[in-house]
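# Tertiary structure, described
Here's the letter readout for the chains.
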Amino acid sequence: MTEIEFAAEQQALATAWKQRTAVLPDAAKAAAPWINHKGQPRGRYDYCLPTAFANHNLLPNVRPGAIALFDELRIPWHCGVDTGPGNHLLSSQVQCVNALYPMVTDPGRLSTVFGPLLDLAEVLPIEPDRYLTFEYIGPADYFGEGKGRPRTRGSMCTSVDAAFRYRTTSGDIELALVEWKYTESYLRPRHPDPTKDQVRVGRYLADIEDTRGPIRSDVLPIDLLFDEPLYQLTRQQLLAHRLEVDRAEGASVVRVLHVLSPDNHAFQRSLVREETNAIGECVDDVWAQLLARRDRFMHVNPDVFLKSAATTSDDYVDRYAPARTTAESRS
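Residues numbered from 1 in each chain as written. Predicted model: local features only at pLDDT ≥ 70, side-chain atom pairs only at ≥ 80, totals over all residues. Heavy atoms only, no water.

## Focus on the pairing of strand E2 (residues 41-45)
So the rule is basically this: In this analysis, strands are considered paired if DSSP registers two or more bridges between them. We count a stretch as a helix when DSSP gives it H or I for four or more residues in a row; a strand needs E for two or more, and each element gets its number in order from the N terminus.
Inspection of the sheet shows strand E1 (residues 32-35) paired to E2 by 3 bridges, in the antiparallel sense. Bridging from a neighbouring strand, Ile-35 pairs with Pro-41 of E2. Between the end of E1 and the start of E2, which pair antiparallel, lie 5 residues, with Gly-39 showing a positive phi angle near 80°.

## Looking at the packing of helix H6 (residues 230-246) against helix H9 (residues 283-290)
Note the following rule: Interaxial angle, 0 to 180 degrees, is taken between N-to-C directions of lines fitted to C-alpha atoms, where a helix line uses only the stretch in contact. In this scheme the handedness of a crossing depends on how the near helix is turned from the far one: anticlockwise by less than a right angle means left-handed, clockwise means right-handed. Only heavy atoms matter for contacts: two residues are in contact if any of them lie within 4.5 Å across the pair.
Look at H6 against H9: their axes get within 11 Å of each other, and the N-to-C directions meet at 35°. Seen from above, H6 lies across H9 with right-handed handedness. On H9, the residues touching Leu-230, Leu-233, Thr-234 and Gln-237 of H6 are Val-283, Val-286, Trp-287 and Leu-290.

## Examining the pairing of strand E7 (residues 253-259)
So the rule is basically this: Remark: exposure states derive from per-residue accessible area (1.4 Å probe, protein chains only) relative to the maximum for the residue type, with buried under 20%, exposed over 50%, and partly exposed in between.
Within E7, 7 of the 7 residues are buried, which leaves it mostly tucked inside the rest of the structure. Residue alternation in E7 divides its side chains into two sets, Val-253, Arg-255, Leu-257 and Val-259 and Val-254, Val-256 and His-258, and both sets are buried. Across 4 bridges, E7 lies against strand E8 (residues 297-300) in parallel orientation. Note on E8: the bridge partner recorded for Val-259 is Val-300.

## A look at the environment of Gln-19
As for its position among the elements, Gln-19 is in helix H1 (residues 3-20). For Gln-19, a relative accessible area of 44% corresponds to the partly exposed category. Along the chain, Gln-19 and Asp-223 lie 204 residues apart, while their C-alpha atoms are 45 Å from each other.

## Some thoughts on the pattern of salt bridges
Where we set the bar: For this document, the term salt bridge refers to a Lys or Arg side-chain nitrogen within 4 Å of an Asp or Glu carboxyl oxygen.
Here the structure, examined in full by the defined rule, presents 19 salt bridges. In this structure, Lys-181 and Glu-179 form a salt bridge, with 3.4 Å as the shortest nitrogen-oxygen distance. Under the relative-accessibility criterion, Lys-181 is labelled buried at 5%. Accessibility expressed as a relative area gives 3% for Glu-179, which makes it buried. Each of Glu-174, Glu-244, Arg-255, Arg-293, Asp-295 and Arg-296 takes part in one network of salt bridges that share partners.

## Notes on the packing of helix H5 (residues 194-209) against H6
To be explicit about the condition: Reported orientations rely on four angle classes, namely roughly parallel under 35 degrees, roughly antiparallel over 145, roughly perpendicular from 65 to 115, and oblique for the rest.
Running from N to C, H5 and H6 cross one another at 55°; their axes reach a closest spacing of 11 Å. When the interaxial angle is binned, H5 and H6 end up oblique. Note on packing geometry: the crossing formed by H5 with H6 is left-handed. Counting all contacts with H5, which are made through Arg-200, Tyr-204, Asp-207 and Ile-208, the residues of H6 involved are Tyr-231, Thr-234, Arg-235, Leu-238 and Arg-242.

## Let's talk about H9
Rule in force here: The directions from the helix axis to the C-beta atoms are what the arc is built from.
Taken as a whole, H9 has its buried residues at Val-283, Val-286, Trp-287 and Leu-290. Down the axis, H9 shows its buried residues gathered within 95° of arc, on one side only. On its buried side, H9 packs onto H6, helix H7 (265-268), helix H8 (274-277) and E8.

## A look at the nonpolar core
Across soluble globular proteins, you tend to see nonpolar side chains buried next to one another. Stated precisely, the cut-off is as follows: Among the buried residues, those of types Ala, Val, Leu, Ile, Met, Phe, Trp, Tyr and Cys that are joined through side-chain atoms within 4.5 Å form a nonpolar core.
Residues Val-97, Leu-100, Phe-114, Leu-132, Phe-134, Phe-164 and Phe-305 are the most contacted members of the largest nonpolar core, which totals 55 residues. Here this core takes 5 residues from helix H3 (residues 92-100), the largest share from any one element. Within the second largest apolar cluster, 39 residues are counted, among which are Tyr-142, Leu-220, Ala-251 and Val-256.

## Description of the environment of Ala-321
One can find Ala-321 in the loop between helix H10 (314-320) and helix H11 (326-329). Ala-321 sits 311 residues away from Gln-10 along the chain, and the two C-alpha atoms are 9.7 Å apart.

## A few points about the environment of Thr-15
Operational definition: By the criterion applied in these results, polar contacts are pairs of N or O atoms within 3.5 Å in which, for protein atoms, one can donate a hydrogen and the other can accept it, and in which residues neighboring in sequence qualify only through two side-chain atoms.
Tracing the chain through its elements places Thr-15 in helix H1. The spatial distance from the C-alpha of Thr-15 to the C-alpha of Lys-29 is 8.9 Å, given a sequence separation of 14 residues. Those residues in contact with Thr-15 that sit more than four places away from it in its chain are Asp-46 and Tyr-47. Reaching out from Thr-15, the side chain makes a polar contact with the backbone oxygen of Gln-11 at a distance of 2.9 Å.

Dropping the structure here:
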């Protein structure tokens, strides 16, 4: 599958689901403009919902609870419409919430998915009455991103899409930070911004150069770490390390779990500089060399969320499974 084929395939799957599913009203099945992060309509696409039905981007078993939770925690939706989710069916935030929201109050679902991947003996609450939470930023502003003001989860500060705590078989508490990718890719070089870059150096350089830290500083100069997706990967790993040092949430180990389809080759080809291409053929190769401790980062294939209703839901499998029937996806 080439760089463009995965995104095109997912657009086609989303369009087909939109037309056949019974969870959408008929009026929601019309083509619609995508509403961008500035609230502006762009184009007209079969894989976008009319704005009046943007909330239906969340599946029925998720919709009311997730909207209420994001409102309670004051989490903004990516390219949100009014106070709800965005209207693009390929939103990674929406896919993440559709998959993980049932786990907020059901630790059994967390164990079903992540138990085979982690030394997970018991899922522990991470917030009152919640076993999983969204847009986690940690208890302290380690990098001064809030500039002395309270931070907003999921906006203008280092955050991960979700987080949960668990006890290992040896009795230790660990914290998992979940970052979710869908069709993202970063194939264009960023334009240097001296003012922003100076701020970034001030925030992250000391942590990157710390010999006890999670990032090797001898692989790439810091300005090349400002290219996505390395920039986000770096900041999240720095956050995980700071949380681990502080034993935040009682955790002695903090791991980043990166949910990404192995078919998203465009993400892996998101190396836009000669210097990064010289040390690896794909993002995974480069990132593996940058990590000081590879056991603190883990890949998660999103197919694990398609296995059964005990993991997500029938509607989730019907919407996101590759081009096969629900029955086939579970065989």
